[in-house]
Amino acid sequence: MSAKLANRIATVVIIAMALFIVAILVGLLGYILIRGLGHVSFDFLTSVPQTIRAGGGIGPQLFNSLFLLVLTLLITVPLGVGAGIYMSEYAKANRFTDFIRLVVEVLSSFPSIVVGLFGLLVLVQFFGLGYSLFAGALALTVFNLPLMVRITEQAIRSVPKEQKEASLALGLSRWKTITSIMLPIAMPNILTGTILASGRVFGEAAALLFTAGMSSPRLDFTNWNPFSPNSPLNPFRPAETLAVHIWKINSEGLAPDAAEIAAGASAVLVIVVLLFNFTARFIGGYIHRKFTASK
Amino acid sequence: MKERVTLEHPKVNLEHPKVKPSKQHLTEEWVGKLYTWFCIIFLIITIFSMVYFVASRGSATFIKNGINVWEFITGTTWQPDAKPPILGALPFIFGSFSTSIMAALIAAPLGFCAAIFMTEIMPKYGRRYLQPVIELLAGIPSVVYGFVGLSVIVPFLRDTFPGQGLGLAAGALVLSIMILPTITTIATDALSALPGGLKEGAYALGATRWQTIYRIVLPTTFPALMTGVVLGISRAFGEALAVQMVIGNAPFLPRSLFDSTSTLTSVITLSMGNTVAGSAHNNALWSLALILMLMTFVFVFIVRWLERRTKV
């Protein structure tokens, strides 16, 4: 076989593989949306699930997922940004820093089910939080923190050195320089990264099975007192999220329309994650244009 | 020359000027230091308590219940509720390793081709179309992969091959799509970091594009490509719900690719909620979690070793 023929065959094979990957995604999204969207209606999005009868919705699950995401971000962002700032600005090039890097790397590659088990043991049982939104949010924090640290560290590192030096030369303290000069410049990157991480948190289920629980109490959406047990805002109530719900009805769903509910819920989940993706892309592009005056 | 320069600038003190920083300045510095330190300490405490708790609960099987470690790893019978319990975890260990390695064998060629497409063949179309596709694939939640696997791949396997469709092959196929983004992203980064001179040299000698890719590009980036594959295997190894939904969950060694079996993660997912803390069954599940955790360390170690060997 001549070299030219081999070259042509290889090129065709590689292009075919690339097209195949695109086809997988199109097929996947098409399947989920076409099968699921037919089942999605306002009623489906707002009504409570049924265990045995048909016609259940995903209202509480959708609310739980969003609320849990907010709780998780409230805990993760301050911790992750702080640790990221340490890694880029305060850490010296020594063994201790290498060790922290190893810790972050190991933490980011822990299986999410192990994080969930740790949550079960420490948060649910040891600290007595029970199956609750708060325990779930802390477990997701452990799961999400390494990513936040990496995002922040890279964003802060990409701030031009001159800006930092100018601020320090004017006599500002290091911390003031970080918070009022470097963070604003790094903000677009941190924001984009956080939104992408939110998509990951929104779809996570394995870490929540044993922390936020697999059931949701009957919620009273007129009761907004966060200390009342059936208030949707109470962070210490068990909460089944959308992703956990999909898993549960697939493995032990008794309702006659379980497959349709799973399809509809999957479609909603995928649409929300896609929304996060597009928002991140849009915000990233918009701020980049604003800051760099490029078209 | 150097000496003269220093002589021309005598006694200019480039060290700290003798100005005392203001009180506000000092407070700000301390706030920053304390706050970032707190975050880092939180991270370190988290990981250490995680390792400690999983290890102490996971070792109870061997210490309290008196199960031999070797028998636990190589035994093929899993009857945790029998008296005395028979705990052989080999079916789960085999299930985890076989599905994740098969997934990598399927995903690696696809991912490498995608990376070559994006960097060498059509960079413009690659960045514009293939890159977003890969990012979207990475964003789809694992339960959705499980659901699609259950409603598309499993029926397809059931109709085409003998068996119920649930099993090793279904698990490996679902996992391969899930780890494709990891492998592709790392391969793309590695290929685009390759210095242009190497490729231009090959082209200048008259090599075709495929010869350049196959003889120059791939061998040079091999350790980096393997990093992606190992990270993919590590992700597949720890994935719980998607696999649990399509693997069938029988606690036996499978006799064929289409036979129902279990993985470490799937058995933990299914049984952890139904066991009492402190029972032999519960302890055994923690031991499986301990195996998962130890494998994570092994994967991180391999990745670090490969990264040290990366030439570019």
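None of the values given here were measured: they were computed from a predicted structure. (Residues numbered from 1 in each chain as written. Chains lettered and ligands numbered in written order. Predicted model: local features only at pLDDT ≥ 70, side-chain atom pairs only at ≥ 80, totals over all residues.)

Caption draft 1: Geometry of the interface of chain A and chain B. Contact with chain A, which involves 63 residues of that partner, is made by 65 residues of chain B. Only α1 (3–37), α3 (59–90), α4 (95–109), α5 (112–126), α6 (133–157), α8 (174–203), α9 (242–252) and α10 (258–292) of chain A provide two or more residues apiece to the side of chain A that touches chain B. Considered class by class, the residues forming the side of chain A that touches chain B number 47 nonpolar, 12 polar and 4 charged. (Contact = placed C-beta atoms within 7 Å. Helix = DSSP H or I, 4+ residues; strand = E, 2+ residues; numbered from the N terminus. Nonpolar A, V, L, I, M, F, W, Y, C, P; charged D, E, K, R; others polar.)

Caption draft 2: Just the nonpolar core, in detail. Counting residues in hydrophobic clusters, the biggest one holds 170 residues, and the most contacted among them are Val-174 and Ala-289 of chain B. A domain-level breakdown of this core finds at least three residues from each of domain 1 (23–58) and domain 2 (89–309) of chain B. For Ala-289 of chain B, the residues in contact, after removing those within four places along its chain, are Val-114 and Leu-117 of chain A together with Val-54, Gly-58 and Ile-268 of chain B. (Core = buried A, V, L, I, M, F, W, Y, C linked by C-beta atoms within 7 Å. Buried ≥ 20, exposed ≤ 12 C-beta atoms within 10 Å, placed from the backbone. Domains from an automatic or database assignment.)

Caption draft 3: Up close: helix α6 (residues 123–139) of chain B. For α6 of chain B, built from 17 residues, the straight-helix expectation of 24 Å at 1.5 Å per residue is met to within 8% by its first-to-last C-alpha distance of 23 Å. At Leu-130 of chain B, α6 of chain B shows its largest kink, close to 35 degrees, and the proline Pro-132 of chain B lies no more than four residues downstream. Among the residues of α6 of chain B, those classed as buried are Gly-126, Leu-130, Val-133, Ile-134 and Leu-137 of chain B. Elements that come into contact with the buried residues of α6 of chain B comprise α1 of chain A together with α5 (90–121) and α8 (168–192) of chain B. (Expected span 1.5 Å × (residues − 1). Bend = angle between axes of the 7 residues up to and from the residue.)

Caption draft 4: Broad picture of the domain arrangement of chain B. All names here are of chain B. Taken as a whole, chain B is organised into domain 1 (23–58) and domain 2 (89–309). For domain 1 and domain 2, the distance between their C-alpha centroids amounts to 33 Å. Listed as interface residues are 4 residues of domain 1 and, on the opposing side, 6 residues of domain 2. Of the residues contributing to the side of domain 1 that touches domain 2, the split by class is 2 nonpolar, 1 polar and 1 charged.

Caption draft 5: Structural detail: unusual backbone geometry. In the Ramachandran plot, Asn-249 of chain B falls in the positive-phi region, its phi being about 65 degrees despite a non-glycine side chain. Mapped onto the elements of the fold, Asn-249 of chain B is located in the loop between α11 (241–247) and α12 (264–271).

Caption draft 6: Structural view of the confidence of the model for chain A. When pLDDT is averaged across chain A, the result is 85; 96% of the residues are at 70 or more. Predicted confidence in chain A is weakest over helix α2 (residues 42–46) of chain A, with a mean pLDDT of 76, and strongest over α6 of chain A, with 91. (pLDDT = per-residue confidence, 0-100.)

Caption draft 7: Spatial organisation of the environment of Met-87 of chain A. One can find Met-87 of chain A in helix α3. Judged by the 24 C-beta atoms lying within 10 Å of it, Met-87 of chain A is buried.

Caption draft 8: Layout of the packing of α1 of chain A against helix α7 (residues 142–160) of chain B. Interhelical geometry of α1 of chain A versus α7 of chain B gives an angle of 85 degrees and a closest axis separation of 11 Å. The angle between α1 of chain A and α7 of chain B falls in the class roughly perpendicular. Contacts from Leu-28, Tyr-31 and Ile-32 of chain A of α1 of chain A reach α7 of chain B at Val-144, Val-148 and Val-152 of chain B. Classifying every residue of the contact of α1 of chain A with α7 of chain B gives 6 nonpolar, no polar and no charged. (Axes fitted to C-alpha atoms, helices over the stretch in contact; angles between N-to-C directions. Parallel < 35°, antiparallel > 145°, perpendicular 65-115°, else oblique.)

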